[in-house]
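# Coordinates in review
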Amino acid sequence: MQYSVLGSSNIKVSRVCLGTMTWGTQNTQQDADEQLAYALAQGVNFIDTAEMYSVPPTAESYGATERIIGRWLSRNQARRADIILASKMAGSGLSYIRDGGIMTPATLQQAVDDSLKRLQTDYLDLYQLHWPNRVSPHFGKHAVGKIGFSEVNATEQTEQMLGLLQALQHCVNAGKIRFCGLSNETPWGMSQYLQLSAQYNLPKMVSIQNEFSLLHTKDWPYLIEQCLHQNVAYLPWSPLAGGALSGKYLNGARPAGSRWSMLQRHGLFRDTPQSEQAIAAFTELATEHRHDPASLALAWVNQVDGVTSTIIGATSMAQLQQNIAAFSLDISPVLKDDISQYLRQYPLPF
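Now for a description of the structure that goes with this document. (Residues numbered from 1 in each chain as written. Predicted model: local features only at pLDDT ≥ 70, side-chain atom pairs only at ≥ 80, totals over all residues. Heavy atoms only, no water.)

## Quick notes on the overall build of the protein chain
- When you go through the protein chain residue by residue, the secondary structure sums to 10 helices and 10 strands.
- Relative to a compact globule of 350 residues, whose C-alpha radius of gyration would be 20 Å, the protein chain shows 19 Å and is just as compact.
- On the principal axes, the C-alpha backbone points of the protein chain span a range of 55 × 50 × 35 Å.
- Counting across all 350 residues of the protein chain, residues that qualify as buried make up 56%.
- If you take every contact in the protein chain between residues at least 6 apart in sequence, the share linking residues at least 24 apart comes to 77%.
- If you sum the accessible surface of the protein chain, you get close to 14800 Å²; carbon and sulfur atoms cover 50% of it. (Helix = DSSP H or I, 4+ residues; strand = E, 2+ residues; numbered from the N terminus. Rg over C-alpha atoms; globule rule 2.2 N^0.38 Å. Buried < 20%, exposed > 50% of the residue type's maximum accessible area, 1.4 Å probe, protein only. Contact = heavy atoms within 4.5 Å. Areas by Shrake-Rupley, 256 points an atom, 1.4 Å probe, with all protein chains shown as cover.)

## So, the packing of helix 3 (residues 105–119) against helix 4 (residues 154–173)
- Where helix 3 contacts helix 4, the axes come no closer than 8 Å and their chain directions differ by 35°. Once helix 3 is placed against helix 4, the crossing between them reads as right-handed. Seen from helix 3, the contacting residues are Pro105, Leu108, Gln109 and Val112; seen from helix 4, they are Gly163, Leu164, Ala167, Leu168, His170 and Cys171.
- In terms of residue class, the contact of helix 3 with helix 4 is made up of seven nonpolar, three polar and no charged. (Axes fitted to C-alpha atoms, helices over the stretch in contact; angles between N-to-C directions. Left-handed = near helix turned anticlockwise from the far one by under 90°. Nonpolar A, V, L, I, M, F, W, Y, C, P; charged D, E, K, R; others polar.)

## A closer look at empty space enclosed by the protein
- Tallied over the full model, the rule gives three cavities of 30 Å³ or more.
- Looking at the largest cavity, the residues that line it are Met103, Pro132, Asn133, Arg134, Gln157, Gln160, Met161, Leu164, Glu185 and Tyr193.
- With four residues, the single largest contributor to the lining of the largest cavity is helix 4. (1 Å grid on protein atoms, 1.4 Å probe; cavity = no way out; pocket = protein on both sides within 12 Å on 5 of 7 lines; lining within 4 Å. Points joined across faces, edges and corners; volume = space filled by probe spheres on them.)

## Looking at the layout of surface pockets
- One number sums up the size of the largest pocket: a volume of about 1000 Å³.
- In this structure, the largest pocket is lined by 50 residues; those nearest its centre are Met21, Val55, Ser238, Gly242 and Arg259.
- Mapped onto the lining of the largest pocket, the elements with two or more residues apiece are helix 8 (293–303), strand 10 (310–312) and helix 9 (317–325).
- With three residues, the top contributor of residues to the lining of the largest pocket is helix 9.

No statement about biological role is implied by the geometric values presented.
Now the structure itself:
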């Protein structure tokens, strides 16, 4: 297993980050225990969760994943120091989480305390803001004109960011969190946080996790360039586009128990005619080079300049084993050129 420093922090994380959002709906406690044991044995030390998990998010499944991890930690207290544990605070839009309200300094501190209780730990290594208070161009909202930037009150948003940083500072001072990060943010949002941190001597955001895959490369080059030069770790989530790049959803297939067979909060926004064509072409490309499509898709994300650690998720041990093994796959110059040609032919198909 290879490791990278998490942005401007002093901690090293495995290039594979074990995502956990299926634990509690698609996966049981026993499944989670087995996945953790295997991942740790392979050298994975980075575990990512969130208060809103498991998914698809519901009032009944809220906090389920953190509780599953907490039960594992209660039985493996000696392993706590071996893992870099990350969680996230949900933003607005879910009525059963703080009445659907935006993130505020008071609710942030309460959210941290609640996550620590569910996780049965005294501290989080990384605490992230799951999505901004304003509407951001993520979850299928990145098309030109989809959202109105001119409708956002930048001064108000910046004041809210300052309040959240001050609340994060309080949690850092109390020893509840070590480092802070962002999720589903933009270059403007990240810049505001970095400027506020420097201006007011508040915690610097050490990481950002956004969707990134062969089907969704919108953060290259502008946000990833900024991450590199400002020492912010870039953590891709959904590197398989919700499993689509495995090819298992081609021709309308919906395997029982798979993500796309379930009702999704944001709908199946990745499921477009253009995506179908792009996925079919990629599976053909992978086959020509004698690679499994899912493995090749993960290996490609891992080698992108600026990527620190890639968040994977699996609902079976076979998937987890295959996913982790993919990070040892070498991409030849010829294959890299073929993928570059592929990306030019199928840019942002959803």
